[in-house]
Amino acid sequence: MKEASDEIRKLAADLKALTFVLPVYGFFAALGGIPSIAAVERASQNLIGWSNSLGDSTHSGSYRKEIADALKLKVAGLVS
């Protein structure tokens, strides 16, 4: 469980880092080609929440839904 939690936290950090590392991220986000910085922040926060709730099935689904919604992903098994 610890390894999974650590990996999800790493994904959250990597996702958020993209908005800082890519100098033109804001430009492309404004064009609508990629998620906005606010959406990436929301997804990153929910990834951290999901990592904290591993093993607690009552909240993990809501975190996964929020991540998918923020990044506009269609995920089988998640109700919109």
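Everything here concerns the structure above.
What comes next is a walk through the structure. Residue indices begin from 1 for each chain and proceed along its sequence in written order. Totals for whole chains, interfaces and linings use every residue, but because this is a predicted model, local features are given only for residues with pLDDT of at least 70 and side-chain atom pairs only at 80 or more, for both listing and counting. Side-chain measures here rest on the full set of heavy atoms in the structure, leaving out hydrogens and waters.

1. Things to note about unusual backbone geometry
Thinking step 1. Positioned with a positive phi, Lys 72 is a non-glycine residue whose angle comes to about 55°.
Thinking step 2. With respect to the helices and strands, the residue Lys 72 is situated in the segment after α4 (57–70). Numbering of helices and strands runs from the N terminus; a helix is a DSSP stretch of H or I covering at least four residues, while a strand is a stretch of E covering at least two.

2. What to know about helix α1 (residues 2–21)
Thinking step 1. Taking 1.5 Å of rise per residue, 20 residues should cover 28 Å, and α1 covers 28 Å from first to last C-alpha, within 8% of that figure.
Thinking step 2. Buried residues are those whose accessible area, probed at 1.4 Å on protein chains only, stays under 20% of the maximum for their type, while exposed residues exceed 50% and partly exposed ones sit between those limits. Buried within α1 are the following residues: Ser 5, Ile 8, Ala 12, Leu 15 and Thr 19. Here the buried residues of α1 occupy an arc of 90° about the axis, which is enough to place them on one side. In α1, the exposed positions angled more than 90 degrees off the buried face are occupied by Lys 2, Glu 3, Phe 20 and Val 21.
Thinking step 3. Throughout, a residue-residue contact means that at least one pair of heavy atoms, one from each residue, lies within 4.5 Å. Taken together, the buried residues of α1 touch α2 (25–31) and α3 (37–52). What a helix is expected to span follows from its residue count: subtract one and scale by 1.5 Å. What the arc covers is the set of directions going from the helix axis to the C-beta atoms.

3. Description of the environment of Ile 37
Thinking step 1. Locating Ile 37 in the fold gives a position in helix α3.
Thinking step 2. Sequence spacing of Ile 37 and Lys 16 is 21 residues, and the spatial spacing of their C-alpha atoms is 8.3 Å.

4. Quick word on the side chain of Ser 44
Thinking step 1. The residue Ser 44 is located in helix α3 in this model.
Thinking step 2. Residue class for Ser 44 comes out buried when judged on its relative accessible area of 8%.

5. Digging into the packing of α1 against α3
Thinking step 1. Think of each axis as a best-fit line through the C-alpha atoms, taken over the contacting stretch in the case of a helix, with angles from 0 to 180 degrees between the N-to-C directions. Axis separation between α1 and α3 bottoms out at 8 Å; the angle between their running directions is 170°. When the interaxial angle is binned, α1 and α3 end up roughly antiparallel. Of the residues in α3, those touching α1 at Ser 5, Ile 8, Arg 9, Leu 11, Ala 12, Leu 15, Lys 16 and Thr 19 are Ile 37, Val 40, Glu 41, Ala 43, Ser 44, Leu 47, Ile 48, Trp 50, Ser 51 and Asn 52.
Thinking step 2. Note that Gly is not counted as nonpolar here; it falls among the polar residues with everything else outside the nonpolar set of Ala, Val, Leu, Ile, Met, Phe, Trp, Tyr, Cys and Pro and the charged set of Asp, Glu, Lys and Arg. A per-class count over the contact of α1 with α3 returns 10 nonpolar, 5 polar and 3 charged. Any angle between 65 and 115 degrees counts as roughly perpendicular, while under 35 counts as roughly parallel, over 145 as roughly antiparallel, and the rest as oblique.

The analysis is restricted to geometry; functional conclusions fall outside its scope.
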